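Tertiary structure, described
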Amino acid sequence: MILKISRIGEAFSTGLKIYERIADRLDYDDGFGIIFLKEDDRYGYKEIREIQKKEDMIYLFKSTKGNLSYSNAPTVKLQGSDNADKRAIERLMNFFNHDRTRNLYEAFERSRTDIEMDLLKYDRRKNHFLTVLIQKDHDLLYPADVEEIVDVFKERVLEKTKEKRNRCFLCGREVESYTYLNRIFKFSTFDKPGFTPLLKKEVGSVVAICEDCRLNLEYGRTIVEKHLSFRFFGGDTLWIIPDVDELDLLKETVNYIGKSELLEKGGRTNFANVERDLENYLSRRSAHYDFIFLSISNNAEKIQLHITEISPTRLKKMVDLSNEFKERAEEINLHFEDPTIGKIWELFQKPKTKNPGKKQFYELVDSLFSGKSFSRDVFLMYVMRTIRTNLYENSFSEIARSAFFAYMYLRRMGIFSDSGGEEMELSGFFEKFPEFFDKPWKKAIFLLGVITGKLLDIQAVERGGNKPFLKKLKGLKMRKNEILALLPELRNKFEQYGRMSKYYEKLFEEASENIIKAGNWNAGIDEINFVFSVGMSLRNVLNRGEEDEGNGEEQV
């Protein structure tokens, strides 16, 4: 995930100056400018003026958390109270307490009282920012226009450690100066002594970041927060990170998402309002996605859930299934309650940070996007709590109907670990072709072929057409022991991809039972691989449609 964000920063940083890659987006549109007149090297305070935000980066804003006595940027946010805004002025003034901007700092210090009094005259009840502007002759210069201010900004933001030579965590280059990953991502607490015992003495050697990689990460995070960030349920934040090999296509994909009609101007979109549209939108791109769910507050960041390699096929299936249920409901004039994640969150009684239901809710979200199993009993426990609570309320029918659609939706998505419907009778299929399946070993090898074909379909979707497991088949010249050795490898792959549903468990069980029944059998390489090939080619004859990812779209 860190590397993917770094690549986003790399894709967008071509032609940008360093300060443009490390400055943060400034959320507020209204602000105040403290204007200093410059004559030669001398500065004098002139006035405070109301201003409207122009381009974000010219203010050199950098979000700062904690009770620091100085700002690491020449622009700060105001809180609207007299005492808090006086402290903001002090922090802003102390930014200039540097050899490169000493004259400006001294002018600021001389006029501090006048600046405070002038600012207090304005109405600051709505959100404002405060910055420093330099008037030189007839030009009004913003922080990014003044070389000395830019230099101080870069030095304060790109604070480095110079303990010893080290290797960069991302690029592997040996560097003399570096920073640590948790300077950029507060959730990376694994690089703090005490959080991970093995790192107590060698933190720097594990997570040192060179300046180039830091710039990519800083700017990558800025791009993610600006274009790929959504407000999620319970006050959390969702980052959607596309995974695309070519940098040009990666940039195009980020712009595709960030400049879509889904995003609200000037703020993060509420996921609840765009969920189905967003899933449909993402499914149109040839990209996989990481979904990162974070709790962000003050100086703390915590990853609640990180889902990797979400395929566009999976997202399309979610949308298509929702549309299918809608059509079926309309046919019988039943009011449709779309089983979105938002509806499921409500059925879980809107769990927040300290609510025990939040962990199970995120486990279910993980299952929905990745295909992992989730306990039907746990889902029903939360649903019934909500239904019982509303038994005597007017909302009872709506909630029960919402639970009804959610249950069917999750079952059809193959989420419930015990979902299954009617049992699959493989014996009926084998009995139709007794001439072929006249020995147990043929049934076993046939089923291994079916399972292998299913895995190749999954890999084709998950890996953009690549099917690395084909190399294991040795050009269909496998001997008995080689083909039987595929069984544990296939099981391991299905576990890795999170696809071990009851359907596939049944296939593995039947294959194993027939291997045992076959005993010590022998056959030629051609016959063995022929039976195996037939299994691969007939893999979809045994489909349980509702449990196969993509409902046939993964077929080759």
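Residues numbered from 1 in each chain as written. Predicted model: local features only at pLDDT ≥ 70, side-chain atom pairs only at ≥ 80, totals over all residues. Heavy atoms only, no water.

**Re the overall build of the protein**
- Within the protein, the regular secondary structure consists of 21 helices and 14 strands.
- Out of the 556 residues in the protein, the part that is buried amounts to 51%.
- Of the contacts formed within the protein by residues at least 6 apart in sequence, a portion of 71% connects residues at least 24 apart.
- When the accessible surface of the protein is summed, it comes to about 27,300 Å², and 46% of that surface belongs to carbon and sulfur atoms. (Helix = DSSP H or I, 4+ residues; strand = E, 2+ residues; numbered from the N terminus. Buried < 20%, exposed > 50% of the residue type's maximum accessible area, 1.4 Å probe, protein only. Contact = heavy atoms within 4.5 Å. Areas by Shrake-Rupley, 256 points an atom, 1.4 Å probe, with all protein chains shown as cover.)

**Quick look at the packing of aromatic side chains**
- Taken as a whole and assessed by the stated rule, the structure comprises 26 aromatic pairs.
- Joined through ring pairs, the aromatic side chains of Phe232, Phe233, Phe271, Phe291, Phe293, Trp345, Phe348, Phe361, Tyr362, Phe369 and Tyr382 make up one cluster.
- Across from the ring centre of Trp521, 4.9 Å away, lies the NZ or CZ of Lys480, which sits over that ring.
- Sitting over the ring of Phe508, Arg491 keeps its end group 4.8 Å from the ring centre. (Phe/Tyr/Trp six-rings, centres within 6.5 Å; stacked < 30°, edge-to-face > 60°. Lys NZ or Arg CZ within 6 Å of the ring centre and 35° of its normal.)

**Considerations on the packing of helix H11 (residues 312–331) against helix H15 (residues 396–412)**
- Contact geometry of H11 with H15 gives a least axis separation of 11 Å together with a crossing angle of 135°. It follows that H11 is oblique to H15 by the angle criterion. H15 is crossed by H11, and the crossing has right-handed handedness. Contacts from Lys317, Met318, Leu321, Ser322, Glu324, Phe325, Arg328 and Ala329 in H11 reach Phe405, Met408, Tyr409 and Arg412 in H15.
- The residue makeup of the contact of H11 with H15, split by class, is 7 nonpolar, 1 polar and 4 charged. (Axes fitted to C-alpha atoms, helices over the stretch in contact; angles between N-to-C directions. Parallel < 35°, antiparallel > 145°, perpendicular 65-115°, else oblique. Left-handed = near helix turned anticlockwise from the far one by under 90°. Nonpolar A, V, L, I, M, F, W, Y, C, P; charged D, E, K, R; others polar.)

**Points about helix H9 (residues 247–258)**
- Given a rise of 1.5 Å per residue, 12 residues ought to cover 16 Å, and the 16 Å separating the end C-alpha atoms of H9 matches this to within 8%.
- Listing the buried residues of H9 in full gives Leu250, Thr253, Val254, Ile257 and Gly258. Across the axial projection of H9, the buried residues extend over an arc of 125°, all falling on one side.
- Considering only its buried residues, H9 is in contact with helix H1 (2–12), helix H8 (211–227), strand E11 (237–243), helix H10 (271–283) and strand E13 (288–297). (Expected span 1.5 Å × (residues − 1). Arc of directions from axis to C-beta.)

**Concerning a negative patch on the surface**
- On the surface, Glu39, Asp40, Asp41, Asp137 and Asp139 cluster together into a patch of negative charge.
- Among the structural elements, Asp139 can be located in strand E5 (residues 139–141). (Patch = residues over 30% accessible without salt bridge, like charges linked within 9 Å, V, L, I, M, F, W, Y side chains within 5 Å. Salt bridge = Lys/Arg side-chain N within 4 Å of Asp/Glu carboxyl O. Lys, Arg positive; Asp, Glu negative; His and termini not counted. Charge placed at Lys NZ, Arg CZ, Asp CG, Glu CD.)

**Let's talk about the pattern of salt bridges**
- Counting across every chain of the model gives 37 salt bridges.
- A salt bridge links Asp27 to Lys77, with the shortest nitrogen-to-oxygen separation between them at 3.6 Å. Separated by 50 residues along the polypeptide, Asp27 in the loop between helix H2 (18–22) and strand E1 (30–39) and Lys77 in strand E3 (residues 75–78) bring together distant segments of the chain.
- Taking relative accessible area as the criterion, Asp27 reaches 40% and is therefore assigned partly exposed.
- Here Lys77 falls in the partly exposed class, since its relative accessible area comes to 29%.
- With a shortest N-O distance of 2.5 Å, Asp151 and Arg100 are connected by a salt bridge. With Asp151 in helix H6 (residues 147–157) and Arg100 in the loop between helix H3 (82–95) and helix H4 (102–110), this residue pair connects regions lying 51 residues apart in the sequence.

**Regarding the confidence of the model for the protein**
- Per-residue pLDDT for the protein averages 81, and the proportion of residues at 70 or more is 83%.
- Summarising per-element confidence for the protein, the mean pLDDT is lowest in helix H7 (residues 203–207) (55) and highest in strand E4 (residues 128–136) (94).
- Across residues 191–201 the pLDDT falls below 50, and counting only partners more than four positions away or on other chains, this stretch makes 15 contacts in the model.
- Here residues 544–556 is a poorly scored stretch, pLDDT under 50, and it has 44 contacts once near neighbours within four places are set aside; other chains count. (pLDDT = per-residue confidence, 0-100.)

**A closer look at the sheet that holds E13**
- The sheet built from 5 strands is open, its strands ordered E12-E10-E11-E13-E14 with mixed pairing. The sheet is open, and its two borders are formed by strand E12 (269–270) and strand E14 (300–310), each paired with just one other strand.
- Where E11 and E13 come together, 7 bridges link them in antiparallel fashion. Note that in E13 the partner of Thr237 across the bridge is Leu294.
- Sitting on the sheet, H8 touches strand E10 (229–231), E11 and E14, and the angle it makes with E11 is about 115°. (Pairing = 2+ DSSP bridges.)

**Notes on the environment of Ile445**
- Mapped onto the secondary structure, Ile445 falls in helix H17 (residues 440–462).
- Classification of Ile445 by relative accessible area gives buried; the value is 0%.
- Separated by 42 residues in the primary sequence, Ile445 and Leu487 place their C-alpha atoms 9.8 Å from one another.
- In this structure, Ile445 is in contact with Ile483, Leu484, Trp521, Ile528, Val531 and Phe532, ignoring residues within four places of it in sequence.

**Observations regarding the side chain of Asp118**
- As for its position among the elements, Asp118 is in helix H5 (residues 112–120).
- For Asp118, the side chain forms a polar contact with the side chain of Tyr45, separated by 2.5 Å.
- Among all residues touching Asp118, those that are not within four sequence positions of it are Tyr45 and Ile48. (Polar contact = N/O pair within 3.5 Å; in protein donor to acceptor, adjacent residues only side chain to side chain.)

**Looking at the pairing of E4**
- Most of E4 is tucked away: 8 of the 9 residues are buried.
- Here E1 pairs with E4 via 8 bridges, running parallel. Looking at E4, one finds that Lys38 is bridged to Lys136.
- Strand direction decides the pairing type here: E3 and E4, joined by 4 bridges, are antiparallel. Within the sheet, the bridge partner assigned to Lys77 lies in E4 and is Phe129.
- Pairing analysis gives 3 bridges linking E4 to E5, with the strands arranged antiparallel. Bridge assignment links Lys136 to a residue of E5, and that residue is Asp139.
- The loop that links E4 with its antiparallel partner E5 comprises 2 residues; one of these, Asp137, has a positive phi angle of about 55°.

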